[in-house]
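Spelled out from the first residue to the last, the chains are:
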Amino acid sequence: MSQNIYDNQAFFDGYAQLPRSQRGLDGAPEWAAIQAMLPDLSGKRVIDLGCGYGWFCRSARAAGAAEVVGIDLSEKMLARARELTDDAGISYRLGDLEQLALPAQAFDLVYSSLTLHYLPDLAPLLAAIHQALQPGGWLVFSTEHPIYTCPTRQAWLTDDDGQRSWAVNNYQNEGPRISNWLADGVRKYHRTLGTTLNALMAAGFTLRHVEEWGPSAQQIVATPALAEEAQRPMLVLVSAQR
């Protein structure tokens, strides 16, 4: 059973204050890059794994998707998604991605945002996704970059001259990492970039695009706090095709 940190009240309340919670996809600075990786959604069947508040589900419908399914482990997230959604073409379901079973060739796009780093092993989920996609179907996802996840203490280090740097240690030491982000004891899993990409290929996917995302100069001007994201990649974005 995956850790259900989003139903921790302290975590949920903290998450609700984030820009991506309050403004949806417009509050996610990587959204434009992800959007460019998506196929045409007109008439497509879409599933969002780790759907949270359902922002992408509603966006997919607005882009023409015929039907959208959102799956999340958190009852609190699903309740909020349902509050924000008035569309019979979107359904939300409780589900654990570690034990996910999906119908064969039922979807044209599987999407997931900032969820896969909560899983100890990608292979079972990728196998489930692959068989659930139509031939030629797409998997598009974002996850925390392994440079971000590798240190046992995820934080900037400052030297005597005030120069900040990010520790890249324990990179080859894959496995759980515990952080105190929004709540104590948040468990995520570090894996190298090679491990993630090789798992995709082993599951039968063809890689189409990999982006070690960082903010543009224009984004930094508009939101100066994003400047530190240009110093080390926090996210990796991937599109792959069955």
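The coordinates are above.
Cut-off values and rules
- Residues numbered from 1 in each chain as written.
- Predicted model: local features only at pLDDT ≥ 70, side-chain atom pairs only at ≥ 80, totals over all residues.
- Heavy atoms only, no water.
- Buried < 20%, exposed > 50% of the residue type's maximum accessible area, 1.4 Å probe, protein only.
- Helix = DSSP H or I, 4+ residues; strand = E, 2+ residues; numbered from the N terminus.
- Contact = heavy atoms within 4.5 Å.
- Salt bridge = Lys/Arg side-chain N within 4 Å of Asp/Glu carboxyl O.
- Pairing = 2+ DSSP bridges.
- Axes fitted to C-alpha atoms, helices over the stretch in contact; angles between N-to-C directions.

### Comments concerning helix H6 (residues 123-132)
Phase 1 of the analysis: For H6, the set of buried residues is Leu125, Leu126, Ala128, Ile129, His130 and Ala132.
Phase 2 of the analysis: Taken together, the buried residues of H6 touch strand S1 (45-49), strand S4 (107-113), strand S5 (133-144) and helix H8 (193-202).

### Topic: the pattern of salt bridges
Phase 1 of the analysis: Enumeration according to the criterion identifies 7 salt bridges in this entry.
Phase 2 of the analysis: One salt bridge connects arginine 61 with aspartate 87, and the closest N-O pair in it is separated by 2.9 Å. One end of the pair, arginine 61, is in helix H4 (residues 55-62); the other, aspartate 87, is in the loop between helix H5 (75-84) and strand S3 (90-94), with 26 residues separating them in the sequence.
Phase 3 of the analysis: Given a relative accessible area of 28%, arginine 61 falls into the partly exposed group.
Phase 4 of the analysis: For aspartate 87, a relative accessible area of 25% puts it in the partly exposed group.
Phase 5 of the analysis: Linking lysine 188 and glutamate 144 is a salt bridge whose minimum nitrogen-to-oxygen distance equals 2.7 Å. On the criterion of sequence distance, the pair formed by lysine 188 in strand S9 (residues 183-190) and glutamate 144 in strand S5 is long-range, its members being 44 residues apart. Residues lysine 188 and glutamate 144 agree in their burial class; the two are buried.

### Details of the sheet that holds strand S10 (residues 206-213)
Phase 1 of the analysis: Taken in spatial order, the 7 strands line up as S3-S2-S1-S4-S5-S11-S10 in an open sheet, and their pairing is mixed. The outermost strands of the open sheet, each flanked by one partner alone, are S3 and S10. Averaged over all neighbouring strand pairs, the angle between strand axes comes to 15°, with direction disregarded.
Phase 2 of the analysis: Two elements, S1 and strand S2 (residues 67-72), share 5 bridges in a ladder whose sense is parallel. Bridge pairing in S2 links isoleucine 47 to valine 69.
Phase 3 of the analysis: In this fold H4 packs onto S1, S2, S3 and S4, with an angle of close to 175° to the strand it touches most, S2.
Phase 4 of the analysis: Contacting S2 and S3, H5 crosses the sheet at an angle of about 165° to S3.

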